[in-house]
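Analysis of the macromolecular model
In case you want the letters, here they are:
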Amino acid sequence: MSRHPTVKWAQRSDEVFITIELPDAQDVKLRLEPEGKFLFSATSGADKIPYEVDFDLHDKVDIDGSKASVGNRNITYLVKKAESKWWNRLLKQEGKPPVFLKVDWDRWVDEDEEDMDTKPGADMNFGDFDFSKMNMGGGEGFGAAEGEDDEDSDTEDENVEELSASKKDVESSVVAPEVKSV
């Protein structure tokens, strides 16, 4: 009997990402049919344990526009949808999905966020703002100017000497308490 590897999925309006997590997969066989039938089989490990996945995808797919990539740790399949629309689930069957099928949150994009640029800071428009005039430090001019001494830069030695001198003053002013014998 074959086992089921962990399968992650995410989608865009025109494509579905299917990632099969199976390290050191050997004898990998992938088949995708236009009606949405997705088949995967492989072996893994020294014992050549068989793994397989057999899905009926939610809708029809474009097999010519789809691509697969077999890596050392996983197998990724970029499935091109026949019709550019969002699916409400990956599988045709309704109800609870198999326990080995999970959402790939690293690739997931919500339907209303798909058109947004996903680069960090892409939604920030600074226009003609010149950051070089903010004098935020760094680069040239950081710290004291050439030939100018920084008065606040006491060395550790000076600080230690000052501490030792003040400690001696405290020790000499402390008087031992009197002890009365009974």
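Figured I'd write up the structure that's included with this text. (Residues numbered from 1 in each chain as written. Predicted model: local features only at pLDDT ≥ 70, side-chain atom pairs only at ≥ 80, totals over all residues. Heavy atoms only, no water.)

Quick look at the overall build of the protein chain now. Helix and strand counts for the protein chain come out as 1 helix and 8 strands. Helices (α) and strands (β) of the protein chain occur, in sequence order from the N terminus, as β-β-β-β-β-β-β-β-α. In the protein chain, which comprises 182 residues, the share counted as buried stands at 24%. A separation threshold of at least 6 residues defines the contact pool for the protein chain, and within that pool the share at least 24 residues apart is 59%. When the accessible surface of the protein chain is summed, it comes to about 14,200 Å², and 47% of that surface belongs to carbon and sulfur atoms. (Helix = DSSP H or I, 4+ residues; strand = E, 2+ residues; numbered from the N terminus. Buried < 20%, exposed > 50% of the residue type's maximum accessible area, 1.4 Å probe, protein only. Contact = heavy atoms within 4.5 Å. Areas by Shrake-Rupley, 256 points an atom, 1.4 Å probe, with all protein chains shown as cover.)

Our next topic: the environment of A68. Along the polypeptide, A68 turns up in strand β6 (residues 61-70). Residues A68 and L30, 38 residues apart in the sequence, show an inter-C-alpha distance of 8.3 Å. Apart from residues no more than four positions distant in its own chain, A68 is found in contact with L30, T76 and Y77.

Another point: the pattern of salt bridges. Counting across every chain of the model gives 8 salt bridges. Between D54 and K37 there is a salt bridge, and its shortest N-O distance comes to 2.8 Å. In this pair, D54 is assigned in strand β5 (residues 49-56) and K37 in strand β4 (residues 37-44), connecting sequence segments 17 residues apart. Ionic pairing is found between K85 and D59, a salt bridge with its closest N-O pair at 3.2 Å. In this pair, K85 is assigned in the loop between β7 (74-81) and β8 (101-103) and D59 in the loop between β5 and β6, connecting sequence segments 26 residues apart. Overlapping salt bridges, with partners in common, bring together K37, D54 and D56 in one network. (Salt bridge = Lys/Arg side-chain N within 4 Å of Asp/Glu carboxyl O.)

Turning our eyes to something else, we now look at the environment of K85. Judged by its relative accessible area of 34%, K85 is partly exposed. Note: C-alpha distance between K85 and S13 (72 residues apart in sequence) is 4.7 Å. With near-sequence residues (within four places) excluded, K85 lies in contact with S13 and D59.

With respect to the helices and strands, the residue E15 is situated in strand β2 (residues 15-21). Comment: no salt bridge for buried E15; closest opposite-charge side chain is K80, at 5.1 Å. The contact partners of E15, leaving out residues within four places of it in the chain, are A10, L78, V79, K80 and K81. (Lys, Arg positive; Asp, Glu negative; His and termini not counted.)

Turning our eyes to something else, we now look at the environment of F100. By the secondary structure assignment, F100 is in the loop between β7 and β8. Look at F100 and you get buried, because its relative accessible area is 16%. Put simply, F100 and K8 are 92 residues apart on the chain and 8.3 Å apart in space, counted from C-alpha to C-alpha. Those residues in contact with F100 that lie beyond four places of it in its chain are H4, P5, T6, V7, V53 and F55.

With that out of the way, let us pick up the pairing of β6. Across 6 bridges, β6 lies against β7 in antiparallel orientation. Counterpart to D62 in the pairing with β7 is K80. With antiparallel pairing between neighbouring strands as the criterion, β6 and β7 make up a hairpin whose turn holds 3 residues. (Pairing = 2+ DSSP bridges.)

Another point: unusual backbone geometry. The backbone phi angle of D24 is positive, close to 55 degrees, even though this residue is not glycine. Looking at the element boundaries, D24 is found in the loop between β2 and β3 (25-32). Even without a glycine there, the phi angle at D27 is positive, about 55 degrees. For D27, the location among the structural elements is in strand β3. The class of D27 is exposed, set by a relative accessible area of 51%.

Nothing here speaks to function; it is all geometry.
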